[in-house]
Every structure is written in structure tokens, then in C-alpha cells.
Amino acid sequence: IIMETLDYNLKDIIKGCYPHIENFNPAQKAVIESGYLDAKDNYIIAIPTASGKTLLGVLAAIKTLLNGGKVIYAVPLLSIQNEKLKEFKLLEEYGFTVGRHPQSSDLSVMVFESFDSITRFSWNHLREVDLLIVDEFHMIGEYSRGPTIECALTRSHMVNPGMRIVALSATLQNMEEIAGWLNARVVEHDFRPVPLHKEVLNTEMFSTRNKNDVIVKILEKALEENSQALAFVSTRRFTESLASFVADKIKNKVPPSRKKAFREVSEKILQVPEKKGSRPTSICLKLADSAKNGVAFHHAGLFSEQKEIIEDEFRSGNLLMITATPSLMYGVNLPSRSVVIRDYTRWTSQGPQKIPVFDYEQMSGRAGRPQYDDVGYSYLIAKTLDEAYDLQEYYVQGEIEPTHSKLIENKDAIYRQIIAQIASSMAKNPVELQEFFSKTFYGYQMENSPYMSTFAAESMEYEINNAVEFLMHNGILQATPEGLKTTSLGLLIAKSNYSVETAVKLKEFASNMDELDIYKLIYQICHTPDLPLISFKGRKSKDPVREKLSSAGIFAVDMQNAEATAASLMEWIDERNEYEIENAFHVYAATTRRAAYEASLMVKFFRDICQVLGIYQPLGDLDILSARFYYGVKEELIPLVLGVKRLGRKRARALFKAFGEDLRPFTEKELQKVEGIGPKLAAAVHRYAQS
Ligand code: ADP
């Protein structure tokens, strides 16, 4: 009914873009009835995941767009950015432009870091924005992304105080405090499209001591009911071992009618390396093997094609169970009737730590598929009855933790924010810096805590002064008669998304090298905090990595993931493929491409650092190295892969092998004799050769 109360235009657009939505759900109603659509106030909307927050964001966005305004929708991950862009593109039918930047779009979907960047350097664009929607706002309490969001919000309010902020969030404990900082109204609601039943099981109930046996029982029940389960464990390796354990136990209980579908999934998984002309790796075989019985594992070490197969087949009911690391909580929409949380501890530098109640809630929240299930089940597994009571109290009845700003704990965040404030000339001395920090969520929490304020103000002053000193010492800030300024190195850092630690490490490497040694540079970039690492699969098999590094002139004392990554990247630029790398070094090589791409960007950053330091001699070689990472090729193939779009490393090598470096004498027909070169590519190669 309430749908009918919307303005004519708004209703029309919603009906056009979301034909499956007939009416608002109770949470959406509560928000709309609070006057949300006509209010100018900032809002925090706190309802469970998958309860239709996006639609509320969209309603406010359309309302603003209809009035000729501009909107930014900020999200934490690239995968979410792409998903939302696809959804919002439907609005283009109604004459609004949708894209990634407010310069060119009425509605832009940006990742937090890009939004942060316009609050530093694009004030003219920021000032045109009327509404900012922040998705997954609860991440404000996270160690690395939290400070980015809070400082970007603080700065955007200083630059454009009239901009309305709508924050979409999971429920947090100290909502009122956060709302006080944002000067926002809060609407909380606990509506879920599928009700959730939470329970703690213990192994004694099943006359066993092994948690995995309990999971088998849950799966047997799921098999009877024709439903599915999602199991969370703490590490990649546990996802694998649990999947094989469960698959083995369930093997004889799967009816032949379902086995056929599972076998097809298994074959699809094996086809992934086959299509690339490689032999399957050991994890690929493991995955295919357990998938034969309807069980698959899912973690960041798999190839994206494999992850997609698993996700799609689970959604279509062709898998019984996925075992996953908690990273599956983010980004992927994969509900299941039952969710099993096997491990409630996580390894940290201080040893095993209990996961927060907030994470337990997020994982449990995956239970129940809208439109299919009348209820979702979340099971947490304890060993003994006593432990079960404790967990019941701590997690099921327990309150989620209060959210604190991580700004002062995260030194790099303070460095970056100081550089940002000075580079954008919003501050020119420690007093003005302090003013800025006092307006952040950190500053607000300190100001409003009766015990902390004097102490906090002093400790903040101390931290800021220390940080400024560190930045001056490292040639990032300089004192001038007009106050603090960034050096060219400082400006370079401000415009990048790299941590100050990475920048300082690279600067020192540049200052200390006599001649560029690319292997030493690769080793160094793998030891910065910003390169995503390729990890070892197990403790064994470190010798091949050691040998590789030593043949590159590097004597490594440690044998950790950074070393594994360095060795893998050295192979990558020598044209080995991921499957070969995985087999050679016993690493999760699926992440090689991502690491190589980031390495390519970081080499460019290193090149820029050399340039501002006046070290010009290695610049050309660094351009070549960056391209070798990007394309995964030896130097001799670079002109060809750069010259012919979408040719790729494999076909480029095949052409080179067949015809040598000089392709000018060969006709299109001759070029087509090489595998993978069709008429279109042959024409492109020919054009390139003649140019
Ligand atoms: P959230 O952002 O809260 O995690 P989403 O906005 O992605 O959740 O919503 C989850 C799904 O529910 C989407 O497919 C969305 O189209 C659908 N949905 C949202 N509101 C309604 C509604 N009132 N009626 C039916 N489906 C809805």
C-alpha cells in the first residue's frame, strides 16, 4: 500500500527497475514512515544484511536525481562496485547517467578509496554532490578501511557541509554515539526476509569428539531434506581437509540420481586448467574429487573461474555443501538453508583469538534463502556441554561489541591523513592538524568519553607531533615560511593509495642502490605491506623457492609467503603459467595474476619515486619491468603484446616461436597457422607488423 503513496515519478521508476518488488518490507516501511524521503537530515539505516537496504538507498538517490541533484554511492569492494553499477544502469532509461565518477555521472558508484581521493583533490566535484550514500557503513570500525571512511566523511563535511549522508549499516552496539558524530537520525529494524534460528551444538550430543562428525550429521539431514549447508572454518587448509572428510563419509549416502549432477560439476572444475592447456594442480584435483560427492571448498587461493563454478552450481542446487573461510562473508551473495560455524577462533599475532560477535552474526546471517526457505538455521559447534553453554551466552545471547575508531591504533592511517591534510592545504601546522583529528569519529569518541578527554587530547597531540617529525625526517613533509608543505615525494604519496611504510621502504631501496637489480627489487616489493602475497600451501617444499631465489642472487634467511611470492613472480615474468608455478613451488598460484598486476603498478610507483629523487638512469628499465609484470612476458615480447590488443602472452610467444621477431614478411594467412590466431587477430598482427 505504501508503494502507492510515493510520488508518481518515483513510483514509476521503481516499478520499472524492480518489477519483482510489489511492496516494501517492514524494515523499509519503518524507514520511509520516519519521513526519510522528504527529510534533509543525515540518516543511519541499520537493518540485517539482505533485508533490502540497497532499495532504500536507491529511493533517496532517485529522489535527489529527480530534483536535478548528484549522488555518490560508496562501497567497500570492487566486486560490489561492479554489481551495483549493473543494477543502477537501469536508471539510465530514465535519463540519468550512471558511472564511476561524479565528473561524468549523475549517480556514481565509487569504492571508498576513490571517494576518499575526491575529498582530497577534487573539491569542485565534491561540492556538486547533494547526497552521499555509504554502503556497509559498519566497516567504520575496521582496522584498515575504517579510518579511510571516517576521515573521508570528516573531510567531505568540511568541504561540502550541505551534502546529505545516508549510511547503510548492519546493527552496531553504540549506534547512538556514531549517530551523534554524524549528526544523523537512526532507524533500526530487525526484519529478516527469512527468520533465523540460531543454535549451539556440542559433539557429545552426537557421541563423538570430532566436530567434523557433527557436520556430517548436518549434511545427512540436508541430503534428506534436499537442502544445502555452508560451513565456515578458520583457514584455507581446513576448508580443504573438511571437504574431503565430509565427502568421504557421505559418499555412500548420495543417491545415484544426484551423483550425476555432482559429477558434472567435478568435470567442469577439471576443465578449467585444461582450457588453458595445463595439467590440473593438486588442489584442482582435490576440489574435483570432493565435488564428485557434492562437497566443495571455497577460498582465496582458488582461480576465479573455479570459484564462479562453485558459486553458480551451489545456487542451482548442484552442490550439497561449501566449506569456506570467513572471507566468503564479504562480497558474494550466497545464502544457504543451513550455516555451520565450525571454528570460532582465528589465528592472530597474539595466538588464537575468539572471533567478534559481530562476525558470528554476519556468518549466521547467511542462513535462509529468500523465496525458498521458511527458516534458516545457524549452528555453532562446541566440543563439550560446558563449552556449549559458554558459547550460547557469548554468541547467541551476547551483544555485539561497541565500534571504536581505529584511527589512533593505525599509525599508517595517521601518516596518510596528515599528508592528505597538508597536500590539500587544509592544514599547515600541527594545531590545524589537531583540529581536523578532533572532528573525526576518533575525536568525537574521545571528547564524549568522560574519563578520556584530557588524556586523549594530550596523547593525540603527542601522536601528531611524532608523526610530523617522522614525515619530515623521511623527506615527505618540509617546513616552509608559509607552514608545512608536502615535498614532491609527499605529493606522490598523497596521490597514491600506498601506505607510507611502502613508500618509505621503496625510497630507501632507491637511495641505496648503485645499479638496478630487478630481482632484488622484486624481493623488496614483496616485503612491503601493499603487495597481495601468494601463499605456501604447506610447511613442506620450501626448497624449490630457496633455489630459485639463490639463482637470482638472493640469499633469503626467512622462507615465508613473501619469499614464495618473489619466486613466483620471477617465474611469471619468464612466461611460466600459474599451474606450472603452483606445481613447482607448492603455492596457491591462483593469486599470481593479482599479485603480478599489483607488482606492475608498484614498479611504476617505484619509478616515480626514483624520478622525484632525481635518479633517472633506471627509469627505462623500470618501464620494461612494469610491462613484463602486467603481461607476464620476457622483454623480447613486449612490443608485440603492447602493439596488438588482447593478443596475450601465450599467442605472442607462439607467433615469436613460429616467425621470429620480424613479422613483416608474413601474410595474414600464414599468421593464422599459429594456434589461437583467427582472422581478426591475424589482421591486427599484420597491421601492427606493417606499421
Ligand atoms: P542488503 O543491501 O540489505 O544486503 P539487498 O538490497 O541486496 O540487501 O536486497 C536483497 C534482495 O532483496 C535483492 O534481490 C532485492 O531486490 C530484494 N528486495 C529488496 N526489497 C524487497 C521487497 N520489498 N520485496 C521483495 N524483494 C525485495
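Residues numbered from 1 in each chain as written. Predicted model: local features only at pLDDT ≥ 70, side-chain atom pairs only at ≥ 80, totals over all residues. Heavy atoms only, no water.

Describing the site of the ligand
Part 1 of the reasoning: In the vicinity of the ligand there are 13 residues, among which Asn23, Gln28, Ala50, Lys53 and Thr54 approach most closely.
Part 2 of the reasoning: Contacts to the ligand include histidine 20, whose side-chain N or O atom sits 3.0 Å from an oxygen atom.
Part 3 of the reasoning: Here an oxygen atom of the ligand and a backbone polar atom of glycine 52 are 3.2 Å apart.
Part 4 of the reasoning: Within the complex, the protein chains bury 68% of what would otherwise be the 570 Å² of accessible surface of the ligand.
Part 5 of the reasoning: In the shell around the ligand, the residues fall into four nonpolar, eight polar and one charged. (Near = heavy atom within 4 Å. Polar contact = N/O pair within 3.5 Å; in protein donor to acceptor, adjacent residues only side chain to side chain. Areas by Shrake-Rupley, 256 points an atom, 1.4 Å probe, with all protein chains shown as cover. Nonpolar A, V, L, I, M, F, W, Y, C, P; charged D, E, K, R; others polar.)

Comments concerning the packing of aromatic side chains
Part 1 of the reasoning: Throughout the structure, instances matching the rule amount to 15 aromatic pairs.
Part 2 of the reasoning: Taken together, the ring pairs in this structure connect Tyr344, Tyr360, Tyr394 and Tyr395 into an aromatic cluster.
Part 3 of the reasoning: In this structure, lysine 542 is placed above the aromatic ring of phenylalanine 536, and the distance from its NZ or CZ to the ring centre is 4.7 Å.
Part 4 of the reasoning: For arginine 649, the ring lying beneath its charged end belongs to tryptophan 572, and the centroid distance is 3.8 Å. (Phe/Tyr/Trp six-rings, centres within 6.5 Å; stacked < 30°, edge-to-face > 60°. Lys NZ or Arg CZ within 6 Å of the ring centre and 35° of its normal.)

Describing the sheet that holds strand S7 (residues 184-188)
Part 1 of the reasoning: Here seven strands make up an open sheet; going across it, the order is S3-S4-S2-S5-S6-S1-S7 and the pairing parallel. Each edge of the open sheet carries a strand with a single partner, namely strand S3 (98-99) and S7.
Part 2 of the reasoning: Taken together, the five bridges between strand S1 (residues 42-46) and S7 define a ladder with parallel strand orientation. Along S7, the bridge assignment pairs isoleucine 45 with valine 187.
Part 3 of the reasoning: Helix H8 (residues 175-182) rests against S1, strand S6 (164-169) and S7 of the sheet, and its axis sits at about 155 degrees to S1. (Pairing = 2+ DSSP bridges. Helix = DSSP H or I, 4+ residues; strand = E, 2+ residues; numbered from the N terminus. Contact = heavy atoms within 4.5 Å. Axes fitted to C-alpha atoms, helices over the stretch in contact; angles between N-to-C directions.)

Notes on helix H11 (residues 256-275)
Part 1 of the reasoning: Relative to the 28 Å expected for 20 residues at 1.5 Å per residue, H11 spans 29 Å between its end C-alpha atoms, a close match to the ideal helical length.
Part 2 of the reasoning: Of the positions making up H11, those classed as buried are Arg258, Phe262, Val265, Ser266, Ile269, Val272 and Pro273. Down the axis of H11, the smallest arc covering the buried residues is 95 degrees, so these residues share one side. Seen from the buried face of H11, the exposed residues on the opposite side, beyond 90 degrees, are Pro256, Ser257, Lys260, Glu274 and Lys275.
Part 3 of the reasoning: Turning to H11, the residues buried within the fold contact helix H9 (211-225), helix H12 (282-291), helix H13 (304-315) and helix H25 (578-585). (Expected span 1.5 Å × (residues − 1). Buried < 20%, exposed > 50% of the residue type's maximum accessible area, 1.4 Å probe, protein only. Arc of directions from axis to C-beta.)

With respect to the state of the cysteines
Part 1 of the reasoning: Counted under the stated rule, the structure contains zero disulfides.
Part 2 of the reasoning: A disulfide-free cysteine, cysteine 610 has its sulfur positioned 17 Å from the sulfur of cysteine 526, the nearest such atom. (Disulfide = S-S within 2.5 Å.)

Brief notes about the domain arrangement of the chain
Part 1 of the reasoning: By the assigned domains, the chain splits into domain 1 (2-188), domain 2 (196-396), domain 3 (411-495), domain 4 (500-632) and domain 5 (637-690).
Part 2 of the reasoning: With centres defined by C-alpha atoms, the gap from domain 2 to domain 3 works out at 45 Å. (Domains from an automatic or database assignment.)

Brief notes about unusual backbone geometry
A negative phi angle characterises most non-glycine residues, just as the trans form characterises most peptide bonds.
Part 1 of the reasoning: Non-glycine residue alanine 50 carries a positive phi angle of around 70 degrees.
Part 2 of the reasoning: Here alanine 50 lies in the loop between S1 and helix H3 (53-66).
Part 3 of the reasoning: In this structure alanine 50 comes out as exposed when scored by relative accessible area, which is 55%.
Part 4 of the reasoning: Positioned with a positive phi, glutamate 575 is a non-glycine residue whose angle comes to about 75 degrees.
Part 5 of the reasoning: Within the element layout of this structure, glutamate 575 appears in the loop between helix H24 (561-572) and H25.
Part 6 of the reasoning: Judged by relative accessible area, glutamate 575 falls into the buried class, the value being 19%.

A word on the nonpolar core
Soluble globular proteins tend to bury their nonpolar side chains together.
Part 1 of the reasoning: Formed by 99 residues in total, the largest nonpolar core has its most connected members in Ile44, Leu132, Phe137, Leu153, Leu182, Leu219 and Met321.
Part 2 of the reasoning: Sorting elements by how many residues they give to this core places H9 first, with seven residues.
Part 3 of the reasoning: Sequence-distant contacts of isoleucine 44, that is, excluding residues within four places in its chain, are made with Phe137, Ala167, Ser169, Met175, Ile178, Ala179, Leu182, Ala184, Arg185, Val186 and Val187.
Part 4 of the reasoning: In this structure, Val468, Leu516, Ile573 and Phe585 belong to the second largest nonpolar core, which totals 75 residues. (Core = buried A, V, L, I, M, F, W, Y, C linked by side-chain atoms within 4.5 Å.)

Some words on the side chain of threonine 281
Part 1 of the reasoning: Assignment of secondary structure puts threonine 281 in the loop between H11 and H12.
Part 2 of the reasoning: What threonine 281 contacts, discounting residues up to four positions off in sequence, is Tyr579, Glu582 and Asn583.

A closer look at the sheet that holds strand S15 (residues 376-382)
Part 1 of the reasoning: Spatially, S8-S15-S12-S9-S11-S10 is the arrangement adopted by the six strands of the open sheet, whose pairing is parallel. This sheet does not close on itself; its edge strands, each paired only once, are strand S8 (196-202) and strand S10 (295-298). Averaged over all pairs of adjacent strands, the angle between strand axes in this sheet comes to 20 degrees, irrespective of strand direction.
Part 2 of the reasoning: When strand S12 (residues 338-341) meets S15, the two strands line up parallel, connected through four bridges. When the sheet's bridge partners are listed, valine 339 is paired in S15 with serine 378.
Part 3 of the reasoning: Seen against the sheet, helix H14 (residues 357-364) touches S8, strand S9 (229-232), S12 and S15 and runs at an angle of roughly 150 degrees to S12.

Details of the packing of helix H16 (residues 411-423) against helix H20 (residues 488-495)
Part 1 of the reasoning: It is at 9 Å that the axes of H16 and H20 come closest, and there the two elements cross at 110 degrees. Here H16 lies roughly perpendicular to H20, going by the angle between them. Facing Arg416, Ile419 and Ala423 of H16, the residues of H20 in contact are Gly490, Leu491, Ile493 and Ala494.
Part 2 of the reasoning: A class-by-class count of the residues in the contact of H16 with H20 yields five nonpolar, one polar and one charged. (Parallel < 35°, antiparallel > 145°, perpendicular 65-115°, else oblique.)

A closer look at the pattern of salt bridges
Part 1 of the reasoning: Enumeration over the complete set of coordinates arrives at 39 salt bridges.
Part 2 of the reasoning: With its nearest N and O atoms 3.0 Å apart, the salt bridge here joins glutamate 220 to lysine 253. With glutamate 220 in helix H9 and lysine 253 in the loop between helix H10 (236-250) and H11, this pair connects stretches of sequence that are 33 residues apart.
Part 3 of the reasoning: The partner of arginine 628 in a salt bridge is aspartate 574, with the nearest N and O atoms 3.3 Å apart. Taken together, the residues arginine 628 in helix H27 (residues 619-631) and aspartate 574 in the loop between H24 and H25 connect sequence positions 54 residues apart.
Part 4 of the reasoning: Using a relative accessible area of 27% as the deciding quantity, one classes aspartate 574 as partly exposed. (Salt bridge = Lys/Arg side-chain N within 4 Å of Asp/Glu carboxyl O.)

Brief notes about the packing of helix H2 (residues 26-33) against H3
Part 1 of the reasoning: Contact geometry for H2 and H3: axes closest at 10 Å, N-to-C directions at 30 degrees. Classified by the angle their axes make, H2 and H3 are roughly parallel. In this structure, H2 meets H3 at a crossing whose hand is right-handed. On H3, the residues touching Gln28, Val31 and Ile32 of H2 are Leu55, Leu56 and Leu59.
Part 2 of the reasoning: Of the residues that constitute the contact of H2 with H3, the class distribution is five nonpolar, one polar and no charged. (Left-handed = near helix turned anticlockwise from the far one by under 90°.)

Description of helix H21 (residues 500-512)
Part 1 of the reasoning: Here H21 is 13 residues long and its end C-alpha atoms lie 18 Å apart, about the 18 Å a rise of 1.5 Å per residue gives.
Part 2 of the reasoning: Taken together, the buried positions of H21 are occupied by Val500, Thr502, Ala503, Val504, Leu506, Lys507, Phe509 and Ala510.

Details of the environment of leucine 66
Part 1 of the reasoning: Along the chain, leucine 66 turns up in helix H3.
Part 2 of the reasoning: Relative accessible area serves as the criterion here: at 35%, leucine 66 is assigned to the partly exposed category.
Part 3 of the reasoning: On a C-alpha basis, the gap between leucine 66 and asparagine 9 in space is 8.2 Å, while along the polypeptide they are 57 residues apart.
Part 4 of the reasoning: Residues in contact with leucine 66, not counting those within four places in the same chain, are Asn9, Leu10, Ile13 and Phe96.

Focus: the pairing of strand S13 (residues 345-348)
If a strand is regular, its side chains alternate between the two faces of the sheet.
Part 1 of the reasoning: For S13 and strand S14 (residues 351-354), the ladder comprises four bridges, and the chain directions are antiparallel. Each bridged residue has a counterpart across the sheet, and for threonine 345 the counterpart in S14 is lysine 354.
Part 2 of the reasoning: Here S13 folds back onto S14 in antiparallel fashion, the turn holding two residues.

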